[in-house]
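Below are the chains, spelled out letter by letter.
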Amino acid sequence: VVLVFEGDRNHVYRLVRSVKNRFGSTNELGIYEMQGSGLRAVENPSEILISNNEENLSGISIAATMEGVRPLLVEIQALVSTAAYGMPQRSSTGFDTKRLNMLLAVLEKRCGFKLSAKDVFLNIAGGIKVNDPAIDLGVVCAIMSSNANIPINSKVCLAAEISLSGELRAVNRVDQRIAEAQKMGFEQIVLSKYNKGIDQKDFDIEIIQLGKIEEAIKTVFG
């Protein structure tokens, strides 16, 4: 087995990933908190990855992701501002910058939002890196929230991949993502309508299934 021990020096949390395992599963994740007495296992990572802000702030969204077989809720923070030095900046921490540029292009082409003259900064809270395309919708909504300075309802969770055509694509292990959002007290989760076989009766959280990015923006922002 090959284990990778990683973390941000500015955070107290460290991650252990199994990237290669001949006789077991890979992409498993363990999260630990560094204390004076050593490492303490974090039993519920979603709690530490989401800020406990009592007031809604613009530029923040919550997305449901998977690390191996473990569902996690992550907080996505975005800041959109007018480019002050001519050339707009694109910066992301914990998320692929190339994918960020792609999502910005989709927003401009499919939804008509002109962001080409604005700086866009993106951060995944907690110092973790997320490669799951299911947080695409969360990234887009955080950017739109910051751009319009309109907060997203803190009880809404997002989980959908966005294609170049602006379509919301289905994500894997959707039942686990829904269950994690429900456990964390969220009231709604927005998914792709192409995730089939979801029964609302099995969950207490309201499940909203949509097909296009335009529909998702209208739903999230009213």
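Residues numbered from 1 in each chain as written. Predicted model: local features only at pLDDT ≥ 70, side-chain atom pairs only at ≥ 80, totals over all residues. Heavy atoms only, no water.

Time to look at unusual backbone geometry. With the exception of glycine, the majority of residues adopt a negative phi angle, and the majority of peptide bonds are in the trans configuration. Positive phi is not limited to glycine here, since Asn 149 has a value of about 55°. Note that Asn 149 resides in the loop between α3 (136-148) and β9 (156-158). By relative accessible area, which is 57% here, Asn 149 ends up exposed. For Arg 173, which is not glycine, the phi torsion reads 50° and is therefore positive. Position of Arg 173 relative to the elements: it lies in the loop between β11 (168-169) and α4 (174-183). (Helix = DSSP H or I, 4+ residues; strand = E, 2+ residues; numbered from the N terminus. Buried < 20%, exposed > 50% of the residue type's maximum accessible area, 1.4 Å probe, protein only.)

Quick look at the sheet that holds strand β1 (residues 2-7) now. Read from one edge to the other, the open sheet built from 4 strands follows the order β1-β2-β3-β4, with strand pairing classed as antiparallel. The sheet is open, and its two borders are formed by β1 and β4 (38-41), each paired with just one other strand. Within the sheet, the average angular offset between the axes of one strand and its neighbour, ignoring direction, is 35°. (Pairing = 2+ DSSP bridges. Axes fitted to C-alpha atoms, helices over the stretch in contact; angles between N-to-C directions.)

Enumeration according to the criterion identifies 8 salt bridges in this entry. Put simply, Asp 136 and Arg 99 hold a salt bridge, and the shortest N to O gap is 2.6 Å. Residue Asp 136 is found in helix α3, and its partner Arg 99 is found in helix α2 (residues 97-111); the two are separated by 37 residues along the sequence. For Asp 136, a relative accessible area of 0% translates into the label buried. (Salt bridge = Lys/Arg side-chain N within 4 Å of Asp/Glu carboxyl O.)

For the rest of this paragraph, the subject is the sheet that holds strand β6 (residues 70-82). Read across the sheet, 7 strands follow the order β7-β8-β6-β5-β9-β12-β13 without closing on themselves; strand pairing throughout is mixed. The sheet is open, and its two edges are formed by β7 (90-93) and β13 (206-210), each paired on a single side. The mean angle between the axes of side-by-side strands here comes to 25°, regardless of whether they run parallel or antiparallel. Sheet strands in contact with α4 are β5 (60-67), β6, β9, β12 (188-192) and β13, and its direction is about 165° off that of β12. (Contact = heavy atoms within 4.5 Å.)

This paragraph deals with the packing of α3 against helix α5 (residues 213-221). Put simply, α3 and α5 touch, their axes get as near as 11 Å, and they point 55° apart. The angle between α3 and α5 places the two elements in the oblique class. Between α3 and α5 lies a crossing of right-handed hand. In contact with Leu 137, Val 140, Cys 141, Met 144 and Ser 145 of α3, α5 contributes Ile 213, Ala 216, Ile 217, Val 220 and Phe 221. Partitioned by chemical class, the residues of the contact of α3 with α5 number 9 nonpolar, 1 polar and no charged. (Parallel < 35°, antiparallel > 145°, perpendicular 65-115°, else oblique. Left-handed = near helix turned anticlockwise from the far one by under 90°. Nonpolar A, V, L, I, M, F, W, Y, C, P; charged D, E, K, R; others polar.)

On the secondary structure map, Glu 180 appears in helix α4. Note on Glu 180: relative accessible area 7%, which makes it buried. Excluding residues within four positions of it along the chain, Glu 180 makes contact with Asn 44, Ser 46, Pro 71 and Leu 73.

Our next topic: α2. Look at α2: 21 Å from first C-alpha to last across 15 residues, which is about the 21 Å you get at 1.5 Å a residue. Buried within α2 we find Leu 100, Leu 103, Leu 104, Val 106 and Leu 107. In an axial view of α2, the angular spread of the buried residues amounts to 155°, which keeps them on one side of the axis. Facing away from the buried surface of α2 by more than 90 degrees, the exposed residues are Lys 98 and Lys 109. (Expected span 1.5 Å × (residues − 1). Arc of directions from axis to C-beta.)

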